[in-house]
Amino acid sequence: MRAVDRMIEVEDLRVYYKSVLGDYKPVDGVSFTVNANEVFGLAGESGCGKSTFVEGILRLVKPPGYIKSGKVIFKDQDLLSLKDISDLRWKEISYIPQGSMNSLNPVLRIEEQMIDAVTSHVDIAETEAREMVLSNLKEVGLPIDVARMYPHELSGGMKQRVVIAAATLLKPSLVVADEPVTALDVVVQRSIIQSIAELRDKFGMTVIFVAHDLAAHAELVDRIAIMYAGKIMEIGSVHDVFLDPLHPYSKLLIAAVPSLKKKVVKGIPGLPPSPLNWPVGCRFHPRCPQAFAKCSEELPSFEEVETGRFVACYLCR
Amino acid sequence: MDFGGKLITSTLRSLARFARGFLTYMRLNTKTMVGSVAFFSLIALAALEPSINYILLSGHSPTEMGLFERTLLPSFEHPLGTDATGRDLLSLVLAGLRFSMIIAVISGSVATLVAVSVAFLAGYKGGIYDHILRSVTDTILVIPIYPIAAIAAAYVRRIDLFTMSMFLAVLTWPWAARTIRAQILTLKEMVYVDLAKISGLSDYGIMFREILPNLLPFIVVGFGNALMGSLFIETGLRLIGLGPTEIMTLGMLVNLLINWGFLSLGRYSPIVVTTFLLVLIFVSVNLLNIGLDEVFNPRLKKVTGL
Amino acid sequence: MTNVEQSLLELENITKVFKIGGGLGLMGRRSIKALKDVSFAISGRNPIITTLVGESGSGKSTIAKLVMGLLEPTQGQILYKGRDVRLWLKNDRMTYRREVQMIFQDPYSVYNPFYRVERVLHLVVRNFGLASSSSEARNLVAESMEAMGLRPEDLLGRFPHQLSGGERQRLMLSRIFLMKPSLVVADEPVSMIDVSLRSIFLDNLLDLKKRLEMSCLYITHDLNIAHYVGDEMIVLCEGTIVETGEAESVVGDPLHPYTRLLVSSIPIPDPREKWKTSLGVEDITLKKFEAEQGCVFSNRCPHRMEICIRETPSLISLEADRQAACFLYGKEE
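Residues numbered from 1 in each chain as written. Chains lettered and ligands numbered in written order. Predicted model: local features only at pLDDT ≥ 70, side-chain atom pairs only at ≥ 80, totals over all residues.

Focus: the overall build of chain B
Regarding its fold elements, chain B presents 10 helices and 0 strands. Shown N-terminal to C-terminal, the secondary structure of chain B runs as helices and strands in the order α-α-α-α-α-α-α-α-α-α. With the C-alpha coordinates of chain B rotated into their principal frame, the extents come out at 75 × 55 × 40 Å. Looking at chain B as a whole, 39% of its 306 residues are labelled buried. Once local pairs closer than 6 in sequence are excluded, the contacts in chain B between residues at least 24 apart make up 71%. (Helix = DSSP H or I, 4+ residues; strand = E, 2+ residues; numbered from the N terminus. Buried ≥ 20, exposed ≤ 12 C-beta atoms within 10 Å, placed from the backbone. Contact = placed C-beta atoms within 7 Å.)

A look at the overall build of chain A
For chain A, the helix and strand inventory stands at 8 helices and 12 strands. The C-alpha atoms of chain A give 20 Å as radius of gyration, which agrees with the globular expectation for 317 residues (20 Å, within 12%). With respect to the three principal axes, the spread of C-alpha positions in chain A is 65 × 50 × 45 Å. The buried share among the 317 residues of chain A stands at 46%. Counting only contacts in chain A whose residues sit at least 6 apart along the sequence, the fraction spanning at least 24 positions is 62%. (Rg over C-alpha atoms; globule rule 2.2 N^0.38 Å.)

Quick word on the packing of helix α2 (residues 30-56) of chain B against helix α10 (residues 268-296) of chain B
Residue and element names in this part refer to chain B. In contact at an axis separation of 7 Å, α2 and α10 are set at 150 degrees when each is read in the N-to-C sense. By the angle between their axes, α2 is roughly antiparallel relative to α10. When you trace α2 past α10, the crossing you get is left-handed. Residues K31, T32, V34, G35, S36, A38, F39 and L42 of α2 pack against L280, I281, S284, V285, L287, L288, I290, G291, L292, E294 and V295 of α10. Across the contact of α2 with α10, the residue classes break down as 12 nonpolar, 5 polar and 2 charged. (Axes fitted to C-alpha atoms, helices over the stretch in contact; angles between N-to-C directions. Parallel < 35°, antiparallel > 145°, perpendicular 65-115°, else oblique. Left-handed = near helix turned anticlockwise from the far one by under 90°. Nonpolar A, V, L, I, M, F, W, Y, C, P; charged D, E, K, R; others polar.)

Overview of the interface of chain C and chain A
Each side of the interface is counted separately: chain C has 34 residues, and chain A has 36 residues. Listed by contribution, the elements that provide at least two residues to the side of chain C that touches chain A are α8 (195-212), α9 (223-229) and α11 (257-265) of chain C. At 6 residues, the largest contribution of residues to the side of chain C that touches chain A is made by α8(C). Grouping the amino acids of the side of chain C that touches chain A by side-chain chemistry returns 17 nonpolar, 10 polar and 7 charged.

Thoughts on the sheet that holds strand β8 (residues 206-211) of chain A
All names here are of chain A. Read across the open sheet, the 8 strands follow the order β6-β7-β8-β3-β9-β10-β12-β11; overall the sheet is mixed. The strands lining the two open edges of the sheet, one partner per strand, are β6 (93-96) and β11 (303-306). Looking at each pair of strands side by side, their axes are set apart by 20 degrees on average, direction ignored. As paired strands, β6 and strand β7 (residues 174-178) are joined by 4 bridges and run parallel to one another. Bridging across to β7, S94 finds its partner in V175. Packed onto the sheet, helix α1 (residues 50-57) meets β3 (39-43), β7, β8 and β9 (223-228) and runs at close to 150 degrees relative to β7. Packed on one face of the sheet, helix α4 (residues 156-168) meets β6 and β7 and runs near 165 degrees to β6. (Pairing = 2+ DSSP bridges.)

A few points about the packing of helix α3 (residues 89-125) of chain B against helix α8 (residues 203-239) of chain B
Residues and elements named next belong to chain B. At their nearest, the axes of α3 and α8 sit 7 Å apart, and the two run at 140 degrees to each other. When the axis of α3 is compared with that of α8, the two are oblique. For the pair α3 and α8, the crossing hand works out as right-handed. Contacts between α3 and α8 involve S100, I103, A104, V105, S107, G108, A111, T112, A115, V116, F120 and Y124 on the former and, on the latter, M207, I219, G222, F223, A226, L227, S230, L231 and E234. Class assignment for the residues of the contact of α3 with α8 results in 14 nonpolar, 6 polar and 1 charged.

Looking at the sheet that holds strand β4 (residues 75-80) of chain C
Residues and elements named next belong to chain C. The sheet built from 4 strands is open, its strands ordered β2-β1-β4-β5 with antiparallel pairing. Since the sheet does not close on itself, it has two edges, and those belong to β2 (30-43) and β5 (83-84), each with one partner. Strand direction decides the pairing type here: strand β1 (residues 7-20) and β2, joined by 10 bridges, are antiparallel. From the neighbouring strand, I14 faces β2, where its bridge partner is V38. Contacting β1, β2 and β4, helix α1 (residues 60-67) crosses the sheet at an angle of about 115 degrees to β1.

What to know about the domain arrangement of chain A
All names here are of chain A. Here chain A is described as being made up of domain 1 (3-92 + 172-316) and domain 2 (99-171). Using C-alpha coordinates to define each centre, domain 1 is positioned 29 Å away from domain 2. Between domain 1 and domain 2, the contact holds 14 residues from the first and 13 residues from the second. For the side of domain 1 that touches domain 2, the leading source of residues is helix α5 (residues 186-201), giving 5 residues. Taken together, the residues of the side of domain 1 that touches domain 2 sort by class into 11 nonpolar, 2 polar and 1 charged. (Domains from an automatic or database assignment.)

A look at the interface of chain C and chain B
Taken together, the contact between chain C and chain B spans 18 residues of the former and 15 residues of the latter. Residue assignment for the side of chain C that touches chain B shows that the elements contributing at least two residues are α3 (93-99), β6 (100-103) and α4 (119-127) of chain C. In terms of residue count, the dominant contributor to the side of chain C that touches chain B is α4(C) (4 residues). In terms of residue class, the side of chain C that touches chain B is made up of 12 nonpolar, 4 polar and 2 charged.

Points about the environment of V186(A)
By the element assignment, V186(A) lies in helix α5. The contact partners of V186(A), leaving out residues within four places of it in the chain, are H221(C), L262(C), S265(C) and I266(C).

Description of the nonpolar core
With 198 residues, the main nonpolar core has I196(A), V207(A), F209(A), I226(A), V67(C) and V235(C) as its most contacted residues. With 8 residues, the top contributor of residues to this core is α5(A). Counting 68 residues, the second-largest nonpolar core is a separate cluster that includes M101(B), V110(B), A149(B) and A176(B). (Core = buried A, V, L, I, M, F, W, Y, C linked by C-beta atoms within 7 Å.)

Description of the pairing of β6(C)
Residue and element names in this part refer to chain C. Neither face of β6 is open: one carries V100 and M102, the other Q101 and I103, and all of them are buried. Taken together, the 4 bridges between β6 and strand β7 (residues 183-187) define a ladder with parallel strand orientation. Paired with M102 across the strands is V185, a residue of β7.

Some points on the confidence of the model for chain B
Residues and elements named next belong to chain B. With 94% of its residues at a pLDDT of 70 or more, chain B shows a mean pLDDT of 86. The secondary structure element of chain B with the lowest average pLDDT is helix α1 (residues 2-27), at 71, and the one with the highest is helix α7 (residues 191-198), at 95. Below a pLDDT of 50 lies the segment residues 302-306, which in the model reaches 9 contacts outside its immediate sequence neighbourhood of four places, other chains included. Our summary of model confidence lists the complex with pTM equal to 0.84 and ipTM equal to 0.89. (pLDDT = per-residue confidence, 0-100.)

Concerning unusual backbone geometry
Cis geometry marks the peptide bond from P63(A) to P64(A); its omega dihedral reads 10 degrees. Backbone geometry places A229(A), a non-glycine residue, at a positive phi of 50 degrees. With respect to the helices and strands, A229(A) occurs in the loop between β9 and β10 (231-237). Within the chain, E188(C) stands out as a residue other than glycine whose phi angle is a positive 45 degrees. Using a count of 19 C-beta atoms within 10 Å as the deciding quantity, one classes E188(C) as partly exposed.

Points about helix α7 (residues 165-179) of chain C
Residues and elements named next belong to chain C. If you check α7, its first and last C-alpha atoms are 22 Å apart, about what 15 residues at 1.5 Å a residue would give, namely 21 Å. Taken across its 15 residues, α7 has 14 buried, putting it largely inside the fold. Just downstream of α7, K180 is the residue with a positive phi angle, here 50 degrees. (Expected span 1.5 Å × (residues − 1).)

Regarding α1(A)
Residues and elements named next belong to chain A. Across the 8 residues of α1, 7 count as buried, placing the element largely inside the fold. Burial in α1 covers these residues: K50, T52, F53, V54, E55, G56 and I57. Once α1 ends, the next one or two residues include R59, with phi positive near 60 degrees.

Observations regarding the environment of L94(B)
Residue and element names in this part refer to chain B. Locating L94 in the fold gives a position in helix α3. What makes L94 buried here is the crowd of 21 C-beta atoms within 10 Å. As for L94 and L227, which are separated by 133 residues in sequence, their C-alpha atoms are 19 Å apart. In this structure, L94 is in contact with E49, I52 and N53, ignoring residues within four places of it in sequence.

The structure is reproduced here in structure tokens:
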């Protein structure tokens, strides 16, 4: 794989939080590569650390959180070693935070907000900015009247499209979306997922799609990473991971997703561990039906078992 | 009778719950800890004052004139000296603390009680009650209280401690009523209130057992503000020479000391001590309030846990 | 007296209008018709789980609150065991509360943060006189926790923030076990807990249905779950019922165009089966105030006819206990 085909490379990222009780370690050694022009899915349940991870790679971690170690290589630069990445934001890397559709400024019209965003990052005239905004809204499939409306006049799905439009105004190479379809109805969810797919297909962008809904990942992403307890358990193409999951957690997680085909759904017994006190050895071993002695002693390393297929499990050696 | 017994146990249980809630909040933060320790120490001092002065003055009242020689300088028998009428100043300061605390606490408590009742009636019952009570509250809020207080003080020559506290309470209750009402409006929409309703809890049960405990911090802050508001008005009036002279509050004492020329004669210690105690009352209550605010608005705290 | 089989719960022509904004009704007051002439019944013959499926804004949570008596209908009535709920609440409030209970959606805000978690159980014991002494009460509470597979020693004395979302919802099931109601209204009980913990809750619910012979009105937006737990299904669209029938049939062979849209939009956790067609822009609606006449789905329906804009279709009975409100299946004369 040529280096230019890699959009972003994360190496052993650790994000910790200080507290009187000790250090919380929500992201504790995460490494992966996202290729250009793909939608990369990051899946995991609540508490696995995926939102903190996103904050980490985008340098948005606020005290008492801090980046303990790691590298995030984007276009031959380590983002974590730069002074700040504000000139990259919006232009090269765009971020759609969780719940952003509810954070639109309620007292400004849509076009005003978007023009504000453009002119504060790029030095162009307002008229040019307005043209950009209007054509962008059309590209994400919104009727032109939306520009003159206020956020409260729009439905949830439309607000989410506005947010996507705003994030892609300056045609960034990488878009990071944190739970963009979680609070939406199933029909709207489908159309937003299709919009995100268009970012890849029509505009050649790379997307990191963070969500806990595995079914959404199955419909959208090219490759997927399964995260649990601050670490990645498995990475592979979406076909490989869904149809032939290697890690026991991936297997159980996929079996727990209900679908109209199956009548039986199995849960995972036990509870996720606390980021203050990760279990020794493999993080999943207390709940793993296939755990054996070594699993509780030593953390299994994250290894490439086939090209592009990574697992952290002793069963897959 | 069994009913009386049940009433007593349920009241005691409620009090115990409130005490627990109070301690939970108090322990959470250094500012609330320091503030409440300081405040309760002042209350203790004020409460013990009669006994202290009984011992120091062998049964005489601290306001009794001519007990000692006039305008003595500080010494071992009179750590702050004596005033122009022969009263020991240390005893007088302690008495002043007591009177100030009584006024502050009584008017603060009455104001808070009225505020909470009004807030519940307006916020929980809503409708016409809300409209009427809000008009009343807003009207009083608009009236300038210092001029009113000054006028009242100028006209009334003799007034007792209790009546004065009541008057100050009437002027200060609306502020807390507004905040608490707003909080009640939010709290009554909480899901756990719905759960209580379908679990058979009556309206009063919901008000006292579901909503009130979560109002505690706001009530404490409201109490603090009402207390400080009343004391501030009282002290302010004293410093311009208004108010009943027979009630020897700290403010009154400062006024007297200045009139007797202690400041120009360089006899600072009594004034400093009196002022310090006054300031301490305000500082301790403020610390308590700010601390409580920090607890409920965690972004004010810089690092978790501190 | 005719031998009419009494339904457990019946909604008759329920309309609910909310007024929002404005002061004393002078300026800026708007009405929102959350429910428009909704009628359905839950049979009292056997314990049954009826799922009520709808998207946000469909009015499904409003139905939950109406059944529980937390809201009053603007028009129409709700009958429990043949008697108006308003009468129940006026004359036999505690009996009604005992027999009809609810599980809420948000496992966090349903607990009063000031108290320990077991209070939700003790409250019920106290108010309904389920125990004659405090030791008996404690036993009952522990038993109901164990019945739902929870360990009392793990939960007693804890505060809500110390428990996970899944544990809190299962404790709500313990509360249901304690009360043994005839009907429980579940408002999206698993939407806020992790996928891996949902099946435990759902299996517990199904178990309760069997053990307590309890019926359930299960409200959700997730068709997968509705299909998993439901015996019967009711599909709600913008305050109107558009389809009813057996859950299997409604999902396997949806009749109403809205149901078809919903079923086809469910994401399938299998990358081989992606959505075949993509949605057009017309499928995204601009929020506007509802027209008074016409089918609620007419602005988005691919089969829209002229009559659909003029008249509102009513539920027509079709074969095998199925109903659909759509002019495609004819008109009720």
